[in-house]
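Coordinate analysis (summary)
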Amino acid sequence: MGIFNTVFQIACALTSICLNLVLTYLILVKSPKKLGVYKYLMCYISLFEVFYSIWDMMTEPIVHSYKAAFVVLRDYYGSVFNREVSFVLVCIYCGLFGFSMAIFGVHFIYRYGAVNKSFSERFLPGNWVYMLFVIPLWYGAWWAVLCYIYFYYTDITDAYMKETIEFHYGIPIKDSSYIIVYFQPTGPDGKPHPDPKIFFAIGCMWYMIVRRTALAISFQISSMFSVFYFGIRCYWQIRKTISQSATVSVTTKNLQTQLFHALVVQTFIPLVLMYIPIGILFFFPMVIWELPFTTEFVGYTIALYPAIDPLPNMIIIKCYRHAIQDFFMRLIGRGKKGDVPHSVNTVDAASGSDRRSGGRFV
């Protein structure tokens, strides 16, 4: 594998591990006292991204498309893992990607429930909210199993991908282990024909995204739809609260503004680094439209995502930003002893109520 690819993936993984561990510490130690279940959801996402980055660094995946197929491959030459075990590693890597797709929607469903009490009481009552933690695990396992069953390499796929993999990456085909989505294999007549099993497997994967039932939510939503739908609804709900609540404090309004900005950034990052690249990867091989550029960039954007994702929370949420600033000020000897981080009741800020009203964050 190219030195640039290796260095880039390791750099992204180490950055992700460091930033997400710092964010986990900030969430546990510096968060408002009444943050509630949302604190654990944020920690859950951060620790998942740590694990995802470690797995990415260990697997060193390469994403490549060629005519009617795309592969996620691993160069296992010199590795302690043989071709079969490396294939399992790649399947788990793909399962983790499915996990990350699911967690986008879960996060925004939760955020919307935090500012819309009627939605929360109807769809996330009591301990049902904890089921949100289980949904990504189920989707991740399902993706990994589908990859293992339907996207296994064969002598036919080795022959099909041999030239392009060796040309672009200098990896002998027998030294690579990969999952392959071969949409239209070449038939005896020399023409491509759709493979029903592959389209079935892809249909199952997108069924998980397109027909997601988040806990007893009776309507159908997709991962992308849930991010945008609940993100926009959450934005307008908070804005409505600000405009209709004359008694909202300046502190509360400031935090709501922070939530606006965080929502925008947290919607934009997965759109650019996850949804658009994976959409390109799936669509063009499906219609046998070979791109004039390599799709290796998809692996880069996926590796980059967990390294960037913690930054909006660390920078935009004031109590975390102040804690980071205070740490660096103390390092250079300019911090003031006895400083207490600014604490805000996020429950009341999200709902637009005064601190005396209490409440819970879903």
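Residues numbered from 1 in each chain as written. Predicted model: local features only at pLDDT ≥ 70, side-chain atom pairs only at ≥ 80, totals over all residues. Heavy atoms only, no water.

With phi around 50 degrees, Glu 60 is a residue other than glycine that occupies positive phi space. Its place among the elements puts Glu 60 in the loop between α2 (37-59) and β1 (62-66). Under the relative-accessibility criterion, Glu 60 is labelled partly exposed at 24%. Located in the positive-phi region is Lys 67, a residue other than glycine, with phi close to 50 degrees. (Helix = DSSP H or I, 4+ residues; strand = E, 2+ residues; numbered from the N terminus. Buried < 20%, exposed > 50% of the residue type's maximum accessible area, 1.4 Å probe, protein only.)

A general trend in soluble globular proteins is that nonpolar side chains are found buried together. Grouped together as the largest cluster of nonpolar side chains are 86 residues, with contacts concentrated most on Phe 151, Met 161 and Ile 179. Examining the composition of this core, we find that 18 residues originate from one element, helix α3 (residues 83-115), more than from any other. Residue contacts for Phe 151: discarding those within four places in its chain leaves Phe 87, Leu 146, Tyr 178, Ile 179, Ile 180, Val 181, Ile 198, Ala 201, Ile 202 and Met 205. (Core = buried A, V, L, I, M, F, W, Y, C linked by side-chain atoms within 4.5 Å. Contact = heavy atoms within 4.5 Å.)

The geometry of an aromatic ring pair comes down to the distance between the two centres and the angle between the two planes. Applying the stated criterion across every chain, the model contains 27 aromatic pairs. Measuring from ring centre to ring centre gives 5.8 Å for Tyr 150 and Phe 200, while their planes differ by 65 degrees; the resulting arrangement is edge-to-face. Here Phe 200 lies in helix α7 (residues 196-210) and Tyr 150 lies in helix α5 (residues 135-150), a separation of 50 residues in the sequence. Geometrically, the ring pair formed by Tyr 152 and Tyr 153 is stacked, given 4.5 Å between the ring centres and 20 degrees between the ring planes. For Tyr 152, a relative accessible area of 31% gives the class partly exposed. The class for Tyr 153 is buried, based on a relative accessible area of 10%. Among the aromatic residues, those joined into a cluster by ring pairs are Tyr 44, Phe 48, Tyr 52, Tyr 93, Phe 99, Tyr 130 and Phe 133. The ring of Tyr 153 is capped by Arg 83, whose NZ or CZ atom sits 4.1 Å from the centre of that ring. (Phe/Tyr/Trp six-rings, centres within 6.5 Å; stacked < 30°, edge-to-face > 60°. Lys NZ or Arg CZ within 6 Å of the ring centre and 35° of its normal.)

So, about the confidence of the model for the protein chain. Across the protein chain, the average pLDDT comes to 80, with 76% of residues at 70 or higher. Considering each helix and strand of the protein chain separately, the mean pLDDT is smallest for helix α13 (residues 346-351), with a value of 43, and largest for strand β3 (residues 176-182), with 96. When the criterion is pLDDT under 50, residues 338-362 qualifies, and its contacts beyond four places in sequence or with other chains add up to 63 contacts. (pLDDT = per-residue confidence, 0-100.)

With that settled, the discussion passes to the environment of Tyr 178. Inspection of the secondary structure puts Tyr 178 in strand β3. Given a relative accessible area of 0%, Tyr 178 falls into the buried group. Setting aside residues no more than four positions away along its own chain, Tyr 178 makes contact with Val 71, Val 72, Leu 73, Arg 83, Phe 87, Phe 151, Tyr 153, Thr 154, Thr 157, Asp 158 and Ile 173. A distance of 2.9 Å separates the side chain of Tyr 178 from the side chain of Thr 157, its partner in a polar contact. At a separation of 2.4 Å, a polar atom in the side chain of Tyr 178 contacts the side chain of Asp 158. (Polar contact = N/O pair within 3.5 Å; in protein donor to acceptor, adjacent residues only side chain to side chain.)

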